[in-house]
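Structural description and commentary
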Amino acid sequence: MSGPNDDNHTELSSYFFEDLLDSVIVDIASECHRIARLGLDHNLDEEEEELRLSEEACARVADPSYNGEMNSKYVVDIFGQAHPPVATEIFECMNCGRSVMAGKFAPHLEKCMGKGRKARLKMTRSSTAAQSRHSRGSPVSAYSPYSNSTSAHRLANGSPAAGEPYSNGTSEEP
Amino acid sequence: MCARSSLYSNPKPCKHLSDYKLRCVSNGFKDLQKFIKAGSNGRARVDKDNTEVPRCSFCNGYRGRLFMCLICSSVSCSSHVGLHTQSENGHDIAVDIERAELYCCLCGDQVYDSEFDGIVVSGRVKDLPMDKNGGFEGVEGRSIKRRKLDSKLDPGINDDLKKARLLMSSRDQRQKSCYPLGLRGLNNLGSTCFMNSVLQALLHAPPFSNYFLNDRHNHDQCPIKSGGKPCLLCEIDTISSAMLSGDHTPYSPARLLYSWWQHSTSLASYEEKDAHEFFISLLNGIHENSEEGRARDDSKDKGDCQCIAHRAFSGLLRSDVMCITCGFTSTTDEPCFDISLNMPTSSFSFKGIANKAVKPNEQIGLSTLSGCLELYTRPERLGSDQKFCCQNCQGTGSSLKQMSIKRLPLVLCLHIKRVEHSPSSKRFLKNDQYLQFPFSLDMTAYLSSSIVRKRFENRIFAFECHNSDSSAAYEIFAVVSHFGKFDSGHYVTYLRIKNQWYKCDDPWISEVDEETVRASKSYMLFYVQKRLFNIPRVSPRRDPLASGSK
């Protein structure tokens, strides 16, 4: 079997590179062959179908003529009811007994339970991405209240500014 | 054609392989065992003579694929492998030296045999460091002890399954209104959509909802409530009854909010607005308030608790850490209520090489749920700064960590981490990229048994005691989506009931198309094991008479 018949470095490196490349390609071919023969990829058709459906769905939803979802303006729900932006149901606060409107209950309760902004402990928003990378899965702290949150992956709702009363999360449609 | 075992099929051997096995009665295979070594790429290879480079006996070539005859050990390259079997009658089966794969020279194809694979795996494993008990970490044989433990977990789950099936069939008959039972809006009490969205998903999770439907938690007998303390189970029970009452005016879950805040007094920030953290906090609280949770001995192993939160949502996550210096793998199992997944970085989605073919119509840069799961279960190199100390060799070098799922829960909650920290702007940003997710999900590839098998090149071998009772096939039933920016925005839940999707936007319940849900930017995905899921055979898209079809 002849090797490269001149000592040009480029040819020599191509020669070895080709060997390596061939070996890697056969590695992958051998793996795929095994997976196919052992039926480890029996879900391939279903997965492709799911991908196709998602792709079609995204395309359809992006189309300006699409009206499958009520665009931010609800008139009535499926039961034929309409709802005001702030819930108007009135009930008694279970902490102080006062009558409160449903949509303002949470901010009321916050003050009422004495958990005002001053009492709040500092949020640990300084967690870095590296820290969150190693917190895979949410561990079940079965014996103490959940307290080891890193705020690196929280998605809040409502207004973020401190010192302001709570407002409804407004629905922002994409 | 193939006999199907739970995870893979044992392919039917070709005539030549069967003949070889009859003749040699696996002596040829056994002799190879001592020559199985780990190659530089971590894969098994056959190393008969490590002083000389193997060469083709016909052309003396050393390049390309080389095959060694199992009978006479003569080596041929791929061009001349047919010549050997022509000259020597019966020398049909050879082994690819570089990859330890069987090759039939007459068929001209790679062939597979479970016995051979067993030899290869044993050959590899013999070089791995043993743990104290004489076993090999990461490669468990069938263990009787383990099987007993698994069956102990099942009684409650099997009960739930039976009840769930009964209830689902009977519920259909009782249904009078045209809208499904249990569908009701929830009032926003002041930025509480994070709570509403999770509640909607939870109350429609089959084993969880059935628990309350069956009145398994009795208010009057609840010792916590009678003691004047908040009981989260009582509150969920109240909400569940309210949802099923038939009253369609939106319900205000004020008592739950109050009880939850009371319960989590010691939280660093009780005013948590993240749906996922509320979900975890609520499940932990339910566990603590439950009879089973209170009775538990703190020091006992977590994960096999029989409270409704654990029975429905608890799975077991396995973490394998392999010391690069000595090869020893240490394994830890931890229970979890959900799995938090990172999204692949936007440049390209990770597809495990050779485990998923890349489709021609797949967009480059499309993030998929399977991509996230693959990212989660891929081996991660931990540098020597990770303070790892190998228990076998006491080395503190780098290690390889790999996550997998040891036991799947009945209800699988997948949390998509959409918050990124931007080091440049020192702010938290929301990753609003679209994530493709399937309605039918197969989790087999992410099980510990599959991951271990992948480490050994997918050899046919009984690596782990795979509990074939628990299936890995799931159907989606709820999606919690977040709209808006990182620190301000809105949560909405999409519920799938009898193959019709509903959007639950605080008090507003509306019907939506399947496409809307598929195209949404999901934050939490809720799947339930297929056997608990009752879906009609024909999807509405194909059935012209069903609603929602185009």
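Residues numbered from 1 in each chain as written. Chains lettered and ligands numbered in written order. Predicted model: local features only at pLDDT ≥ 70, side-chain atom pairs only at ≥ 80, totals over all residues. Heavy atoms only, no water.

What to know about the packing of aromatic side chains
Residue and element names in this part refer to chain B. Cut-off, in case you're wondering: Aromatic pairing here means that ring centres of Phe, Tyr or Trp (its six-membered ring) are within 6.5 Å. Orientation follows from the plane angle: under 30 degrees is stacked, over 60 is edge-to-face, and everything else is tilted. Strands here mean DSSP runs of E at least two residues long; helices mean DSSP runs of H or I at least four residues long; both are numbered from the N terminus. The rule is simple: take the accessible area with a 1.4 Å probe, protein chains only, and divide by the maximum for that residue type; under 20% is buried, over 50% is exposed, in between is partly exposed.
The tally for this structure, following the rule as stated, stands at 17 aromatic pairs over all chains. Considering the side-chain rings of F208 and F212, the 5.4 Å spacing of their centres and the 65° angle between planes classify their relative orientation as edge-to-face. Residue F208 and its partner F212 are located together in helix α7 (residues 206–213), separated by 4 residues, close to a single helical turn. A single burial state applies to F208 and to F212, both of which are buried. For the ring pair F437 and F439, a centre distance of 6.3 Å and an interplane angle of 35° mean the geometry is tilted. Each of the two residues, F437 as well as F439, counts as buried. An aromatic cluster is built from F208, Y211, F212, F279, F313, F477 and F526, whose rings are joined through pairwise contacts.

Focus on the state of the cysteines
Note on terminology: a disulfide is the covalent bond linking the sulfur atoms of two cysteines. Residues and elements named next belong to chain B. So the rule is basically this: Cysteine sulfur atoms that come within 2.5 Å of each other are treated as a disulfide pair.
Within this structure, the stated rule accounts for 0 disulfides over all chains. You can see C56 has no disulfide; the closest cysteine sulfur is in C59, sitting 3.6 Å from it. Judged by its relative accessible area of 1%, C56 falls in the buried class. In this model C231 remains outside any disulfide bridge; the closest cysteine sulfur is found in C222, 3.6 Å from its own.

A look at the packing of helix α3 (residues 105–112) of chain A against helix α10 (residues 254–263) of chain B
Note the cut-off: In this analysis an axis means a line fitted to C-alpha atoms, helices contributing only their contacting stretch, and an angle means the value between N-to-C directions, from 0 to 180 degrees. By the definition used in this description, the sense in which the near helix is turned from the far one sets the handedness, with an anticlockwise turn below a right angle giving left-handed and a clockwise turn giving right-handed. Two residues form a contact once any of their heavy atoms are found within 4.5 Å.
Two elements in contact, α3(A) and α10(B), have axes whose closest approach is 11 Å; the angle formed by their N-to-C orientations is 35°. Where α3(A) crosses over α10(B), the handedness of that crossing is right-handed. Contacts between α3(A) and α10(B) pair A:F105, A:A106, A:L109 and A:E110 from the former with B:A254, B:L257, B:Y258 and B:W261 from the latter.

Section: the pairing of strand β11 (residues 329–336) of chain B
Every regular strand shows the same layout, with side chains that alternate between the two sheet faces. All names here are of chain B. Note the cut-off: A pair of strands counts as paired when DSSP detects no fewer than two bridges linking them.
Relative to β11, strand β10 (residues 315–323) runs antiparallel, the two sharing 8 bridges. Note that in β11 the partner of D320 across the bridge is T331. Between β10 and β11, which pair antiparallel and follow one another directly, the connecting turn spans 5 residues, one of which, G327, has a positive phi of 85°.

Looking at the confidence of the model for chain B
Residues and elements named next belong to chain B. As a reminder of what qualifies: A residue's pLDDT is the predictor's confidence in that residue, given on a scale from 0 to 100.
Looking at chain B as a whole, its pLDDT mean stands at 80, while 79% of the residues score no less than 70. Within the model, the stretch residues 167–176 combines pLDDT values under 50 with 14 contacts to residues more than four positions away or in other chains. Scored below 50 in pLDDT, residues 347–363 makes 35 contacts in the model with residues more than four places away or belonging to other chains. Prediction confidence for the complex, expressed as pTM and ipTM, is 0.78 and 0.76 respectively.

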